[in-house]
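Commentary on secondary and tertiary structure
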Amino acid sequence: MNMATSKTKVRFCFADGLRGIAATWVVLFHFHAGGHLSNLDQLLPGFLTTVLFEWGYLGVPIFFVLSGFVIAHSMRKIRVTCSYFQNFSLRRIIRISPPYYFSIVFVLLFEFLSAKATSELFEFPSISSLMAHLFYLHDIFRFEPISDIYWTLCLEMQFYIVFCVLLGLSQWMEEKLQLAYSRHIVFGISLLIGALWPLNVFPDILLPGLFLSTWHGFAIGVFAYWAWQQKGYYRHMFYTYAGLLLISSLSADVSETTVFLPAATITCVITSVLLLEIGRADLMESTLNWQWLQFLGLISYSLYLFHNKISGVAFFFGYKILGQTLVTEMVGLVAIFGLCVACAAGAYWLLEKPSIYWSRQVKRVSVGSEKAVGT
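The following refers to the structure shown. (Residues numbered from 1 in each chain as written. Predicted model: local features only at pLDDT ≥ 70, side-chain atom pairs only at ≥ 80, totals over all residues. Heavy atoms only, no water.)

**Focus on a nonpolar patch on the surface**
Test applied: Two distance rules govern patches: like charges are joined within 9 Å, and nonpolar side chains (Val, Leu, Ile, Met, Phe, Trp, Tyr) within 5 Å, applied only to residues with over 30% relative accessible area and no salt bridge. Only the protein chains shown count as covering a residue, and every accessible area follows the Shrake-Rupley method with a 1.4 Å probe. What counts as a salt bridge is simple: a side-chain nitrogen of Lys or Arg found within 4 Å of a carboxyl oxygen of Asp or Glu. Strands here are runs of E lasting at least two residues and helices are runs of H or I lasting at least four, both read from the DSSP assignment and numbered beginning at the N terminus. Throughout, exposure labels follow a simple rule: accessible area from a 1.4 Å probe, protein chains only, divided by the maximum for the residue type, with under 20% read as buried, over 50% as exposed, and the rest as partly exposed.
Together, Ile93, Tyr101, Ile127, Met131, Leu134, Phe135, Leu137 and Phe141 line one region of the surface with nonpolar side chains, adding up to about 740 Å² of accessible area. Of all elements in the fold, only helix H6 (82-117) and helix H7 (127-134) reach the threshold of two or more residues within the nonpolar patch. Of all the elements, H7 adds the most residues to the nonpolar patch, at three residues. If you trace the backbone, tyrosine 101 turns up in helix H6. A relative accessible area of 30% places tyrosine 101 in the partly exposed class.

Written out as structure tokens, the structure is:
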């Protein structure tokens, strides 16, 4: 049984569980990178420190793959028109912007209060910088990020828009030019272009801030979904591309300074393969379906947005009062992670859930354009 086509509504518990794992991994990475666990770092075996904390940045490529996989599912029966593209863009902005905008205010407020408490100068971002942040363009225009984590949101917004444009282009080529396999042509070219960065053909400094160097992470998530839903050559094409990325990553010069390290590309390949094979095994709704992990997946976006500033402040005051020892680090690790989760849950219910509702009020399909694509 193919779950994604046999039911009107499917809950991808495995994908949601991966999202919860990715968010937790990123949080632990920032706990460690901020120097908040230095004593615990010395106690734990090196491999455990590496896996739990130092590799936590790999949660980001997991998010990219999941975004591609889920957006491919949500648009599986969509005929892209100009009206649909406008509505699609508006829905994505409404969906992700309110929590993001609030997090900007949140970060700036804490920075201001911190500067006042330490008698330091607080420099408010320029109007140009704020506007660039509001439209997810600050990385492209090279403004200093208000928060270090915002670079991924700039990329995610580009991923969504480019995917919708490419899907619409492939449908137009199929209808107007009567070009068979138009989706294979359009997305095949985009996949090959995306592979040029992990293959080290182009450096990441080329067109900084644009999605190109990380496109393969999102695109392989899209391809994993299509390989699950389609038979035969889609699967062969997916594994060919996954193999190309894997080989390029294993042979890459790790000494080069890159935005998307070889380990991140390997993580994208592993994540996409897991999504495909879990889907094929008819386990998408049962695997990782643990209540606590599903909850972390539910609030993962808010957890990602707010954890860094909350944890930084909490660790600072906690160690200032109690001192930084092995015991306070162990207690702080649990307590502050719980605090981050609690704040993220509040942000989800107050900001994110209403955003989801508002985004769904935007008309999805115009001019009767709902039609299965690529069948």
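**Considerations on empty space enclosed by the protein**
For clarity, the threshold we go by: The way it works is a 1 Å grid over only the protein atoms, where trapped points that fit a 1.4 Å probe form a cavity and open points with protein on both sides within 12 Å along at least five of seven lines form a pocket, and then any residue with an atom within 4 Å of a point lines it. Grid points are joined across faces, edges and corners, and a volume is the space filled by probe spheres set on the points. Polar here means any residue other than Ala, Val, Leu, Ile, Met, Phe, Trp, Tyr, Cys and Pro, which are nonpolar, and Asp, Glu, Lys and Arg, which are charged; Gly is therefore polar.
Overall, the coordinates contain two cavities of 30 Å³ or more when judged by the stated rule. Around the second largest cavity sit Phe187, Ser190, Leu191, Trp215, Ala219, Val222, Phe223 and Trp226, which together line it. At the level of elements, helix H9 (182-195) and helix H10 (215-229) are the ones that each hand at least two residues to the lining of the second largest cavity. Per element, the largest residue contribution to the lining of the second largest cavity is five residues, and it comes from H10. Here the residues of the lining of the second largest cavity sort into seven nonpolar, one polar and no charged.

**A closer look at the packing of helix H13 (residues 291-298) against helix H15 (residues 326-360)**
Note the cut-off: For helices, the axis comes from a line fit to the C-alpha atoms of the stretch in contact; other axes are also lines fit to C-alpha atoms, and the angle between any two N-to-C directions lies between 0 and 180 degrees. Reported orientations rely on four angle classes, namely roughly parallel under 35 degrees, roughly antiparallel over 145, roughly perpendicular from 65 to 115, and oblique for the rest. Between two residues, a contact is recorded if the distance between any of their heavy atoms is within 4.5 Å.
Two elements in contact, H13 and H15, have axes separated by 10 Å at closest approach and are oriented at 60°. Put simply, H13 runs oblique to H15. Where H13 approaches H15, its residues Phe295, Leu296 and Leu298 are matched on the opposing element by Phe337, Val341, Ala345, Tyr348 and Glu352. Grouping the constituent residues of the contact of H13 with H15 by class yields seven nonpolar, no polar and one charged.

**Considering helix H8 (residues 151-176)**
Since the α-helix packs 3.6 residues into each turn, any two residues three or four apart lie on the same face. How we decide: Expected span of a helix, by definition, is 1.5 Å for each gap between consecutive residues, and there is one gap fewer than residues.
Compared with the 38 Å implied by 1.5 Å per residue over 26 residues, the 37 Å span of H8 between its first and last C-alpha is a close match. Just downstream of H8, glutamine 178 is the residue with a positive phi angle, here 50°.

**Looking at the packing of aromatic side chains**
Our working rule: Aromatic contacts are taken between Phe, Tyr and Trp rings whose centres are within 6.5 Å, Trp giving its six-membered ring; a plane angle under 30 degrees counts as stacked, one over 60 as edge-to-face, and the others as tilted. A ring is considered to have a charge above it if a Lys NZ or an Arg CZ atom is located within 6 Å of its centre and within 35 degrees of its normal.
What the rule picks out here adds up to 38 aromatic pairs. Across the ring face of tyrosine 160, the terminal group of arginine 92 is positioned such that the distance to the ring centre comes to 4.4 Å. Looking at arginine 183, its charged tip hangs above the ring of tryptophan 226, at a distance of 4.0 Å from the centre.

**Digging into the nonpolar core**
For clarity, the threshold we go by: Within this scheme, the nonpolar core is defined by two criteria: the residues are buried Ala, Val, Leu, Ile, Met, Phe, Trp, Tyr or Cys, and they are joined through side-chain atoms within 4.5 Å.
Residues Met75 and Phe163 are the most contacted members of the largest nonpolar core, which totals 103 residues. Among residues more than four places away in sequence, those in contact with phenylalanine 163 are Ile71, Ala72, Met75, Phe187, Trp215, Phe218, Val222 and Trp226.

**Some details on the packing of helix H14 (residues 300-322) against H15**
Which entries qualify depends on this criterion: Rotating anticlockwise by less than a right angle from the far helix to the near helix defines a left-handed crossing, while the corresponding clockwise rotation defines a right-handed one.
Remark: H14 packs on H15, axes separated minimally by 8 Å, with the N-to-C direction vectors making an angle of 140°. The handedness of the crossing between H14 and H15 comes out as right-handed. For the contact of H14 with H15, the per-class residue count stands at 18 nonpolar, five polar and two charged.

**Quick look at the layout of surface pockets**
Considered as a void within the structure, the second largest pocket measures approximately 560 Å³ in volume. Those elements giving two or more residues to the lining of the second largest pocket turn out to be H6 and H14. Ranked by residue count, the leading element in the lining of the second largest pocket is H6, at five residues. For the lining of the second largest pocket, the residue count by class is 12 nonpolar, five polar and six charged.

**Observations regarding the pattern of salt bridges**
Tallied over the full model, the rule gives six salt bridges. One salt bridge connects arginine 11 with aspartate 16, and the closest N-O pair in it is separated by 3.9 Å. We note a salt bridge from arginine 79 to glutamate 175, for which the minimum N-O separation is 3.3 Å. Note that arginine 79 is positioned in the loop between helix H5 (59-74) and H6 and glutamate 175 in helix H8, a separation of 96 residues in sequence. Residue class for glutamate 175 comes out partly exposed when judged on its relative accessible area of 39%. Overlapping salt bridges, with partners in common, bring together Arg11, Asp16 and Arg19 in one network.

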